[in-house]
Amino acid sequence: QQQVKQSPQSLIVQKGGISIINCAYENTAFDYFPWYQQFPGKGPALLIAIRPDVSEKKEGRFTISFNKSAKQFSLHIMDSQPGDSATYFCAASLRMDSSYKLIFGSGTRLLVRP
Amino acid sequence: DTGVSQDPRHKITKRGQNVTFRCDPISEHNRLYWYRQTLGQGPEFLTYFQNEAQLEKSRLLSDRFSAERPKGSFSTLEIQRTEQGDSAMYLCASSLGLAGVNEQYFGPGTRLTVT
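Residues numbered from 1 in each chain as written. Chains lettered and ligands numbered in written order. Predicted model: local features only at pLDDT ≥ 70, side-chain atom pairs only at ≥ 80, totals over all residues. Heavy atoms only, no water.

A separate point is the overall build of chain A. For chain A, the helix and strand inventory stands at zero helices and eleven strands. Put simply, chain A runs from its N terminus to its C terminus through helices and strands in the order β-β-β-β-β-β-β-β-β-β-β. A compact globule built from 114 residues should have a C-alpha radius of gyration of about 13 Å, and chain A, at 14 Å, falls within 12% of that. Along the first, second and third principal axes, the C-alpha set of chain A runs to 45 × 30 × 20 Å. (Helix = DSSP H or I, 4+ residues; strand = E, 2+ residues; numbered from the N terminus. Rg over C-alpha atoms; globule rule 2.2 N^0.38 Å.)

Here it is as structure tokens:
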């Protein structure tokens, strides 16, 4: 119940295309959903995050869509660029967990072809 | 703001040796987290500090692991009697610690290889 399931495992997109990565969860007590970007040999970098009281959040080319009833959320990367090639992780934390520790998905390796 | 820093970046050790990693969080961040990441997986929570108090430990953290955060500033993670299964990236993250503020910022990690 504390898992976050992420798909696809890998994704290849042409430059200028839209990259879409999906995550699903079971525990309705999750109340914070961030996305992280990780380049090889680096730590994860916070990209964008959303709470369940909104259905969409946009920051530049990155958009999170949130479907509370389906218990799903997704990351959309518009106008994908080769520099976006990285591994992306969704995550979630529990409302009642005072530590705010993050539970991560298994990651999506994105390759954007020039 | 210099970000979260970790030292060393890489560590190769023989099985059975002890290793210690250091994390310096973003200044004024009073929450500090340790995560472990194995190849092809997402980070997994190990332990968490609020200021100098270690408030939560994952069951992943065996008795061979110990973490400290003296004076609520930097933190150290020590692994005693290392095993090959300890090979992983050890990530540190910090956050402001205000109620309802979840944003965690990660350091570059320490890559541990146990031979």
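This part takes up the overall build of chain B. Within chain B one finds zero helices and eleven strands. By its C-alpha atoms, chain B is 40 × 25 × 25 Å across when sized along the principal axes. A total of 115 residues make up chain B; the buried ones form 46% of that total. Counting only contacts in chain B whose residues sit at least 6 apart along the sequence, the fraction spanning at least 24 positions is 53%. Put simply, chain B shows about 5800 Å² of open surface, and 46% of that area lies on carbon and sulfur atoms. (Buried < 20%, exposed > 50% of the residue type's maximum accessible area, 1.4 Å probe, protein only. Contact = heavy atoms within 4.5 Å. Areas by Shrake-Rupley, 256 points an atom, 1.4 Å probe, with all protein chains shown as cover.)

This next bit is on the pattern of salt bridges. Counted by the stated rule, this structure contains eight salt bridges over all chains. Taking the shortest distance from any N to any O, the salt bridge between Glu 56 of chain B and Lys 101 of chain A comes out at 2.6 Å. Placement of the pair is Glu 56 of chain B in strand 6 (residues 53–57) and Lys 101 of chain A in the loop between strand 9 (86–94) and strand 10 (103–104), with the two residues belonging to separate chains. With a closest N to O distance of 3.4 Å, Glu 83 of chain B and Arg 64 of chain B form a salt bridge. Of this pair, Glu 83 of chain B sits in the loop between strand 8 (75–79) and strand 9 (88–95) while Arg 64 of chain B sits in the loop between strand 6 and strand 7 (65–68); the two residues are 19 residues apart in sequence, bridging distant segments of the chain. Assessed through its relative accessible area of 11%, Arg 64 of chain B is described here as buried. (Salt bridge = Lys/Arg side-chain N within 4 Å of Asp/Glu carboxyl O.)

Here we come to the interface of chain B and chain A. Facing 25 residues of chain B, the contacting portion of chain A comprises 20 residues. With both chains or domains summed, chain B and chain A bury close to 1700 Å², and 51% of this area falls on carbon and sulfur atoms. Put simply, chain B and chain A have one salt bridge between them. The tally of links between chain B and chain A comes to eleven residue pairs in polar contact (both at pLDDT 80 or more). Breaking the side of chain B that touches chain A down by element, the ones donating at least two residues are strand 4 (31–37), strand 5 (44–50), strand 9 and strand 10 (105–106) of chain B. In terms of residue count, strand 4 of chain B provides more of the side of chain B that touches chain A than any other element does, four residues in total. (Buried area = accessible area lost by both parts, 1.4 Å probe. Polar contact = N/O pair within 3.5 Å; in protein donor to acceptor, adjacent residues only side chain to side chain.)

Turning our eyes to something else, we now look at the pairing of strand 11 (residues 110–114) of chain B. Residue and element names in this part refer to chain B. The two faces of strand 11 differ: Thr 110, Leu 112 and Val 114 on one face are buried, but Arg 111 and Thr 113 on the other face are not. Here four bridges tie strand 2 (residues 10–13) to strand 11, and the two strands are oriented parallel to one another. Bridge pairing links Thr 13 to Val 114 in strand 11. (Pairing = 2+ DSSP bridges.)

Turning next to the sheet that holds strand 1 (residues 4–7) of chain A. All names here are of chain A. Strands sit in the order 1-3-8-7-6 across an open sheet of five strands; the sheet is antiparallel. A strand with exactly one partner marks an edge of an open sheet, and here the two such strands are strand 1 and strand 6 (56–59). Across the sheet, the mean angle separating the axes of adjacent strands is 15° when strand polarity is ignored. Here six bridges tie strand 7 (residues 62–67) to strand 8 (residues 72–77), and the two strands are oriented antiparallel to one another. In the strand pairing of strand 8, Phe 66 is matched with Phe 73. (Axes fitted to C-alpha atoms, helices over the stretch in contact; angles between N-to-C directions.)

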